[in-house]
Amino acid sequence: MSAVSDRLPTFPWDKLEPYKKTAAAHPDGIVDLSVGTPVDPVPELVQKALIDAADSPGYPTVWGTPALRDAITGWVERRLGARGVTHRHVLPVVGSKELVAWLPTQLGLGPGDRVAYPRLAYPTYEVGARLARAEYEAYDDPTELNPEGLKLLWLNSPSNPTGRVLPKEELTRIVAWAREHGVLVFSDECYLELGWEADPVSVLHPDVSGGSHEGIVAVHSLSKRSNLAGYRAAFLAGDPAVLGPLLEIRKHGGMMTPAPTQAAVVAALGDDGHVREQRERYAARRTALRAALEKHGFRIEHSEASLYLWATRDESCWDTVAHLAGLGILVAPGDFYGPAGERFVRVALTATDERVRAAAERL
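The present account deals with the structure reproduced in this document. (Residues numbered from 1 in each chain as written. Predicted model: local features only at pLDDT ≥ 70, side-chain atom pairs only at ≥ 80, totals over all residues. Heavy atoms only, no water.)

### What to know about the overall build of the chain
So, point 1. Along the chain, the regular secondary structure elements total twelve helices and 13 strands.
So, point 2. In terms of overall size, the chain behaves like a compact globule, its C-alpha atoms giving a radius of gyration of 20 Å where 363 residues would be expected to give roughly 21 Å.
So, point 3. Counting only C-alpha atoms, the chain reaches 55 × 50 × 50 Å along its principal axes.
So, point 4. For the chain, the accessible area works out to roughly 15100 Å², and carbon and sulfur atoms hold 53% of it. (Helix = DSSP H or I, 4+ residues; strand = E, 2+ residues; numbered from the N terminus. Rg over C-alpha atoms; globule rule 2.2 N^0.38 Å. Areas by Shrake-Rupley, 256 points an atom, 1.4 Å probe, with all protein chains shown as cover.)

Structure (structure tokens):
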């Protein structure tokens, strides 16, 4: 029997280990700008909500508490500008990576079905297709894809890794094309709160969706905006005809967000102040790192949003990784995100102010 793991590529981050050892040997220690994991404190009001809900001996529900669904629907309307969002339009998930990896399987996709994602993209889009034994392909413009057999179209704006933001007009055009051809759109919007030189727009905005949620679902996470990566807190919003069956499947699979995390999400979505504070931290780090990288000879492309700088010295990404590791700085090679990234590196803003200063000084 062929193991499921045989369908998967080598876990990319394992390839970084030798460079991590080199960077860690720096006299002043490593500055890890590779993975993009939050390092700042979880907001106190979120911690308090988690603690207050710690005595939760019973099973949580997959759909979440009514308070959680109220919090999600309220945030989606307030922050994304969506209209007519009810409890049927939302679904909590156990972190967005879990959803991305298992979505094609839960949609019932398999051999002969196609999944498409951006040319430069989060590797888990491909992993999800592989797990389902579906076909997969990368695109530059999704409307140039052959719609025959295309069952799932991933959008990602702001982009990981490039930070590119799709303009409202482009999103509108893509959604219209997908609906015309019966293609389901999932829009990964996990970095939407982190626009710097552009204002990211959700596919759920009426100007994009035409006021209808048909055939579109937005994916949102609290990992970056609220420093809740350790809580595994995310949710979907969009077409009830898609979310309803997913809810039933996830009930059978026991894919439940823990009750204390549900309470924490209610608190996080109800407070915009901590998001503004976190944005200010990232903005300052972005300014410092961008200036230092450019002075060091890098060119920054896109990067108008998200938690990363997409940087190049016009050489192999692995040569750049090795060069920076020699300075004690660890970054992600661009080819983790597709062959088109082979001459870029992704530099995360997720390090403490002290570590970012250290990186800037070394550069």
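### Some words on the packing of aromatic side chains
So, point 1. For the structure shown, the criterion picks out eleven aromatic pairs.
So, point 2. On the basis of an interplanar angle of 85° and a centroid distance of 5.7 Å, the ring pair of Tyr122 and Tyr125 is categorised as edge-to-face.
So, point 3. Residue class for Tyr125 comes out buried when judged on its relative accessible area of 0%.
So, point 4. A network of ring pairs unites the aromatic residues Trp13, Tyr19, Trp318, Phe336 and Tyr337 as a single cluster.
So, point 5. Above the plane of the ring of Tyr308 lies Arg346, whose end atom (NZ or CZ) is 3.8 Å from the centre. (Phe/Tyr/Trp six-rings, centres within 6.5 Å; stacked < 30°, edge-to-face > 60°. Buried < 20%, exposed > 50% of the residue type's maximum accessible area, 1.4 Å probe, protein only. Lys NZ or Arg CZ within 6 Å of the ring centre and 35° of its normal.)

### Observations regarding the sheet that holds strand 10 (residues 308–312)
So, point 1. Taken in spatial order, the four strands line up as 9-10-13-12 in an open sheet, and their pairing is antiparallel. In the strand order of this sheet, the two ends are held by strand 9 (299–301) and strand 12 (332–333), each with one partner.
So, point 2. Relative to strand 10, strand 9 is paired through three bridges, and the arrangement is antiparallel. In the sheet register, Glu301 faces strand 10, and the bridge partner there is Trp310. (Pairing = 2+ DSSP bridges.)

### Section: the nonpolar core
So, point 1. Residues Leu33, Trp154, Phe186 and Leu236 are the most contacted members of the largest nonpolar core, which totals 67 residues.
So, point 2. With five residues, the top contributor of residues to this core is helix 11 (residues 317–326).
So, point 3. Not counting the four nearest positions on each side in its chain, Leu236 is found in contact with His89, Val90, Leu91, Val93, Leu99, Phe186, Val217, Ala218, Val219, Leu243 and Leu246.
So, point 4. In terms of nonpolar packing, the next biggest core, distinct from the first, is built from 42 residues, Leu192, Ala218, Leu222 and Val265 among them. (Core = buried A, V, L, I, M, F, W, Y, C linked by side-chain atoms within 4.5 Å. Contact = heavy atoms within 4.5 Å.)

### Some points on the pairing of strand 7 (residues 216–221)
So, point 1. Most of strand 7 sits out of view: six of its six residues are buried.
So, point 2. Neither face of strand 7 is exposed, since Ile216, Ala218 and His220 on one face and Val217, Val219 and Ser221 on the opposite face are all buried.
So, point 3. Where strand 6 (residues 184–188) lies against strand 7, four bridges are found, and the strand directions are parallel. Following the sheet pairing, Phe186 is matched in strand 7 by Val217.

### Comments concerning the environment of Glu354
So, point 1. Take Glu354: it is sitting in helix 12 (residues 353–362).
So, point 2. A distance of 2.8 Å separates a polar atom in the side chain of Glu354 from a polar atom in the side chain of Arg355. (Polar contact = N/O pair within 3.5 Å; in protein donor to acceptor, adjacent residues only side chain to side chain.)

### Digging into the pattern of salt bridges
So, point 1. Counted according to the given criterion, the structure contains 24 salt bridges.
So, point 2. The salt bridge partner of Arg130 is Glu126, with a shortest N-O separation of 2.7 Å. Placement of both Arg130 and Glu126 in helix 5 (residues 124–131) is noted, with a separation of four residues, approximately one turn of the helix.
So, point 3. Bridged by salt links that share partners, the residues Asp28, Glu354, Arg355 and Arg362 form one connected network. (Salt bridge = Lys/Arg side-chain N within 4 Å of Asp/Glu carboxyl O.)

### Some points on the side chain of His89
So, point 1. Looking at the element boundaries, His89 is found in the loop between helix 3 (66–80) and strand 2 (90–93).
So, point 2. Within polar-contact distance, the side chain of His89 engages the side chain of Thr86 at 2.8 Å.
So, point 3. Residues contacting His89, with those up to four places away along its chain left out, are Gly84, His213, Leu236, Ala237, Gly238, Pro240 and Leu243.

### Considerations on the packing of helix 4 (residues 96–106) against helix 8 (residues 240–253)
So, point 1. Contact geometry for helix 4 and helix 8: axes closest at 12 Å, N-to-C directions at 100°. Here helix 8 runs roughly perpendicular to helix 4, going by the angle between their axes. Of the residues in helix 8, those in contact with Glu98, Leu99, Leu103 and Gln106 of helix 4 are Leu246, Ile249 and Arg250.
So, point 2. Taken together, the residues of the contact of helix 4 with helix 8 sort by class into four nonpolar, one polar and two charged. (Axes fitted to C-alpha atoms, helices over the stretch in contact; angles between N-to-C directions. Parallel < 35°, antiparallel > 145°, perpendicular 65-115°, else oblique. Nonpolar A, V, L, I, M, F, W, Y, C, P; charged D, E, K, R; others polar.)

### Focus: the environment of Gly195
So, point 1. Note that Gly195 resides in the loop between strand 6 and helix 7 (206–209).
So, point 2. In this structure Gly195 touches Pro200, Arg279, Glu304 and Ala305, once residues within four positions along its chain are discounted.

### What to know about the sheet that holds strand 7
So, point 1. Taking strand neighbours across the sheet as the criterion, the seven strands line up as 2-8-7-6-5-3-4 in an open arrangement whose pairing is mixed. With one partner strand each, in any of the chains shown, strand 2 and strand 4 (135–139) form the two edges of the open sheet. Direction aside, the axes of adjacent strands within the sheet are offset by 20° on average.
So, point 2. One ladder, built from four bridges, connects strand 2 with strand 8 (residues 234–238); its direction is antiparallel. Note that in strand 8 the partner of Val90 across the bridge is Ala237.

These values are about where atoms sit, not about what they do.
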